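One letter stands for each residue in the lines below.
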Amino acid sequence: MKQKIEAFCQSLGLDTMGFIPCRRFDELEDYYKSREEKQLQNEFEGKVLEERLNPTHYLENGKTILSIAFPYDYKEVEDQAYEQEENGFSIYTKRLDYHRVVKKYLDQIVAFIETLGGQAIALVDSNTLPERYIAYLAGVGFIGRNNMLITEKYGSYVFLGEIITDLEIPCQDQRAQSQLTDYVECGQCENCLRECPTKSIHKKGCNPNICLSYLTQKKTLEVKEIKLLKGNLFGCDFCQLKCPYNEAARPSVLEDFKKLVYMEEEPSIYAGMDNSFFKEKMSVTSCGWRGKNVIRRNAMIRMAYEGKAVEGYLGDSPYINEYIQKLMEIYNPKLKETES
């Protein structure tokens, strides 16, 4: 049964996966409670503790969890010869929305499992599962100092998807929880600590509330957070770009993750985009869910940071106008120097 499912996944281009028993993760209870006490859970993590510990609320008679890594750094032949100049969008955002792409693959696997006589449910990202932990236990990869799941073949450039099935597939946890923070695979490397622009990654762990990727997605930014944002329009790759495991990472073979050409434009294009541009182009990407104005705001922050005027974008959006006023107050001296 296990070999049949693995072979089907490989026929879809998926070769990095693992199985673990579908069980309660009571060993994580203290961890979640500690995060809550330290206020390390941000607005995207408001999950009920019992649901985070017990995956069977998705499938009552679930017996096995299949964890699959979806490599997303697909490169055309010409892309492999050179890298486009960084324009503030994280590598993962320059593709079609991974929620839709990954779900499409998972649904095919669910349908295959049903032909084997089993029930199954597909899950990607927006769920209560401790996804990275499950992938770690299943041997899909290890969790690095930057708290990202790192695979041997594709580095950290992967999305995770899970399937819970009532088929009882022989398997066991491949790793122990006690090894989780040993960072044996990272060795003495601390590149991610040095590269993290907000010091979200530090020797005692990670603070998701000041992660630059999270800040780019917040609807409300304080002045100190605006200054931290600098050139990022959505997401952050600083810790990934200097990770040794990503230097030799293989590109994805999944053509669904081809780079979208219009995600390589200058920030001014996104600062001035209208509803039509957003709906046609941005809404189908992984950053589209946050809405047009957050991306516009971030593009203006980058422009102001680079000394470019943003007053011309004042209009009928109180939200955008408020941030333009803040940017003029923060960066006006720099703008004046540029003009002179």
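Visitor: What is the right way to read the environment of Thr285 from this model?
Guide: Here Thr285 is to be found in the loop between helix H12 (275-280) and helix H13 (292-305). Among the residues examined, Thr285 registers a relative accessible area of 1% and is labelled buried. Each C-alpha atom of the pair Thr285 and Asp97 lies 4.2 Å from the other, and the pair is 188 residues apart in sequence. Those residues in contact with Thr285, other than ones at most four positions away along the chain, are Thr93, Arg95, Leu96, Asp97, Leu260, Tyr262 and Met263. Side-chain polar atoms of Thr285 contact the backbone oxygen of Met282, separated by 2.7 Å.

Visitor: I would appreciate a short explanation of the pattern of salt bridges in the present structure.
Guide: Any two side chains of opposite charge can pair, so long as their charged atoms come close to each other. Applying the stated criterion to the full structure yields 19 salt bridges. The closest approach of N and O atoms between Asp73 and Lys75, which form a salt bridge, is 3.8 Å. Residue class for Asp73 comes out buried when judged on its relative accessible area of 12%. The closest approach of N and O atoms between Arg175 and Glu185, which form a salt bridge, is 2.9 Å. Here Glu185 lies in the loop between strand E6 (158-165) and helix H6 (191-195) and Arg175 lies in the loop between E6 and H6, a separation of 10 residues in the sequence. The partly exposed category is assigned to Glu185, whose relative accessible area is 31%. Within this structure, Arg23, Glu27 and Asp173 form a network of salt bridges that share partners.

Visitor: Is there a simple way to think about the environment of Leu215 in this case?
Guide: Structurally, Leu215 can be placed in helix H7 (residues 212-217). Here Leu215 falls in the buried class, since its relative accessible area comes to 1%. Through-space distance from the C-alpha of Leu215 to that of Lys203 is 21 Å; in sequence the pair is 12 residues apart. Beyond its immediate sequence surroundings of up to four residues, Leu215 is in contact with Thr198, Asn209, Ile210, Leu221, Glu225, Leu228, Leu229 and Arg297.

Visitor: Would you explain the packing of aromatic side chains in this entry?
Guide: Aromatic ring pairs are described here by two measures, namely the spacing of the ring centres and the angle between the planes. One pass over the full model with this rule turns up 16 aromatic pairs. Seen from their ring centres, Phe25 and Tyr133 are 6.0 Å apart, and the 80° between their planes marks the pair as edge-to-face. Of this pair, Phe25 sits in the loop between strand E1 (17-21) and helix H2 (29-37) while Tyr133 is found in helix H5 (residues 131-137), placing the two residues 108 residues apart along the sequence. Side by side, Phe25 and Tyr133 carry an identical accessibility label, which is buried. Each ring, one from Tyr92 and one from Phe159, has its centre 6.2 Å from the other, and the planes form 80°; the classification is edge-to-face.

Visitor: I would appreciate a short explanation of the pairing of E6 in the present structure.
Guide: Within a regular strand, side chains alternate between the sheet's two faces. The buried fraction of E6 amounts to 8 of the 8 residues, a majority that puts the element mostly inside the structure. Residue alternation in E6 divides its side chains into two sets, Val158, Leu160, Glu162 and Ile164 and Phe159, Gly161, Ile163 and Thr165, and both sets are buried. Inspection of the sheet shows strand E2 (residues 64-71) paired to E6 by 8 bridges, in the antiparallel sense. Counterpart to Ile65 in the pairing with E6 is Ile164. One ladder, built from 4 bridges, connects strand E3 (residues 120-123) with E6; its direction is antiparallel. Bridge pairing links Ala122 to Ile163 in E6.

Visitor: Explanation requested: the sheet that holds E1 in the structure shown.
Guide: Pairing between the strands of a sheet comes from backbone hydrogen bonds, and it takes one of two forms, parallel or antiparallel. Ordered in space as E1-E2-E6-E3, the 4 strands form an open sheet in which the pairing is antiparallel. Looking along the sheet, the strands with just one partner apiece sit at the ends: E1 and E3. The mean angle between the axes of side-by-side strands here comes to 20°, regardless of whether they run parallel or antiparallel. Of the strands in this sheet, E1 and E2 touch helix H1 (residues 2-11), which is tilted by about 145° from E1.

Visitor: Would you mind showing me how to read H13 here?
Guide: The terminal C-alpha atoms of H13 lie 20 Å apart, and with 14 residues this matches the ideal 20 Å at 1.5 Å per residue to within 8%. Listed as buried for H13 are Val294, Ile295, Arg296, Arg297, Asn298, Ala299, Met300, Ile301, Arg302, Met303 and Ala304.

Visitor: Even after reading the chapter, I still don't get unusual backbone geometry, so can you show me in this structure?
Guide: For residues that are not glycine, phi is negative in most cases, and the peptide bond is trans in most cases. Phi at Asp125 is positive, roughly 65°, even though this residue is not glycine. Among the secondary structure elements, Asp125 is positioned in the loop between E3 and H5. Take Asp125: its relative accessible area is 30%, and that puts it in the partly exposed class. Phi is positive for Lys199, close to 60°, though the residue is something other than glycine. By the secondary structure assignment, Lys199 is in the loop between H6 and strand E7 (201-202). Given a relative accessible area of 45%, Lys199 falls into the partly exposed group.

The rules behind the values
- Residues numbered from 1 in each chain as written.
- Predicted model: local features only at pLDDT ≥ 70, side-chain atom pairs only at ≥ 80, totals over all residues.
- Heavy atoms only, no water.
- Helix = DSSP H or I, 4+ residues; strand = E, 2+ residues; numbered from the N terminus.
- Buried < 20%, exposed > 50% of the residue type's maximum accessible area, 1.4 Å probe, protein only.
- Contact = heavy atoms within 4.5 Å.
- Polar contact = N/O pair within 3.5 Å; in protein donor to acceptor, adjacent residues only side chain to side chain.
- Salt bridge = Lys/Arg side-chain N within 4 Å of Asp/Glu carboxyl O.
- Phe/Tyr/Trp six-rings, centres within 6.5 Å; stacked < 30°, edge-to-face > 60°.
- Pairing = 2+ DSSP bridges.
- Axes fitted to C-alpha atoms, helices over the stretch in contact; angles between N-to-C directions.
- Expected span 1.5 Å × (residues − 1).

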